[in-house]
Amino acid sequence: MGEEINENILNTGSGPANNTGVEEVSEPADCGVKYYTLEDIRIHNLSNDTWLIIHDKVYDITTFLEEHPGGEEVLLEQAGADATESFEDVGHSTDAREMLEQYYIGELHMHFLDHVVDTSYRRNSCRGHVSLLHVGTQVLLSAGFQFSSHSFHREAL
Ligand code: HEM
C-alpha cells in the first residue's frame, strides 16, 4: 500500500472519496476517451498510484514521479487534484508539455453538462453523446453563457 500523501484535495462535497457510491464515468471503448469525475481522481493520491489534472486532462504520473526534474515532492503535493495552476506557475517548457502525452489517461468529467446531456445517452451512444453535447452547448451559448474550465457564468447581455 502506498502512503496517502495529499490531504489538499478539492472537496467537492459530493460524497466519500472512495468507491462506495461513486460511479466511474467512462465512455464505451469505441469512443476512445475516458471521462473521470473529481471523485474518481482524488482517490489516486498515493505515492504508488498518482493521478493529477492539468487543463481538464487526467494524467497517471505514477511512473514519472522519480523522473521529474522538479522533484517528486511537488508532484505528490498535487496528487489526486488539479495541478493546472502550479504546473503553469513554473513555466514548463514545450518539452515538458509534450511529455504529458505519455501519461494521459482521459478527460475530466464536467458535472454541469449533466444538465444538458442525458446520461443514458452518454452511456449507450458515443455519437448521441457528441451530438447532444453539441446541441446543449449551442443552446447555452446562444443564451449568452460562456464556459470556463469548471464552471460557467452568464455574461452581461
Ligand atoms: C506530469 C506533469 C509534469 C511534467 C511532465 C513535468 C515536467 C517537467 C520538466 C521536463 C521539467 C524541466 C524543465 C522544463 O523542461 O520545463 C520540470 C521542472 C520542474 N517542474 Fe515539472 N512537470 C510536471 C508537473 C509539475 C507540477 C504539477 C509541478 C508543481 C509545482 C512542477 C514543478 C516543477 C519544478 C519546480 C521544476 C523545476 C524548475 C527548475 O528547476 O527550473 N512540475 N518539470
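Residues numbered from 1 in each chain as written. Predicted model: local features only at pLDDT ≥ 70, side-chain atom pairs only at ≥ 80, totals over all residues. Heavy atoms only, no water.

1. Quick word on the coordination of the iron atom of the ligand
For clarity, the cut-off: Sodium, potassium and calcium take a 3.2 Å donor cutoff, other metals 2.8 Å, and in both cases only N, O and S atoms count; water is not among them, so sites may look incomplete. Buried means the residue's accessible area, taken with a 1.4 Å probe over protein chains only, is under 20% of the maximum for its type, while exposed means over 50%, and partly exposed covers the values in between.
For the iron atom of the ligand, the full set of protein donor atoms is H68 (NE2) and H92 (NE2), at a range of 2.0 Å. Taking relative accessible area as the criterion, H68 reaches 14% and is therefore assigned buried.

2. Re the sheet that holds strand β3 (residues 49-54)
Selection rule: Two strands are said to pair when DSSP picks up at least two bridges between them. In DSSP terms, a helix is any run of H or I states spanning at least four residues, a strand is any run of E spanning at least two, and both are numbered starting from the N terminus.
The strand order across the open sheet formed by 5 strands is β1-β5-β4-β3-β2, and the pairing between neighbours is mixed. Two strands in the sheet have a free side with no partner beyond their single neighbour: β1 (35-36) and β2 (45-46). As defined by bridge partners, β1 adjoins strand β5 (residues 104-108) across 2 bridges and the pair is classed as parallel. Residue pairing for β5: Y36 is matched across the bridge by L108.

3. Describing the confidence of the model for the chain
Put simply, the test is: A score between 0 and 100, pLDDT records how confident the predictor is in each residue. Here, two residues are considered to be in contact whenever any of their heavy atoms come within 4.5 Å of each other.
When pLDDT is averaged across the chain, the result is 74; 51% of the residues are at 70 or more. Note on residues 147-157: pLDDT under 50 across the span, and 25 contacts to partners over four residues away in sequence or across chains. We note a pTM of 0.68 for the whole complex and an ipTM of 0.93 for its interfaces.

4. Overview of the nonpolar core
The line we're drawing: We call a set of buried residues a nonpolar core when its members are Ala, Val, Leu, Ile, Met, Phe, Trp, Tyr or Cys and they connect through side-chain atoms within 4.5 Å of each other.
Counting 12 residues, the largest nonpolar core is built from L52, I54, Y59, I61, F64, L65, L75, L76, A83, F87, L100 and Y103. Every element with two or more residues in this core is listed here: β3 and α2 (72-77). Residues L38, I41, W51 and L108 belong to the second largest nonpolar core, which totals 7 residues.

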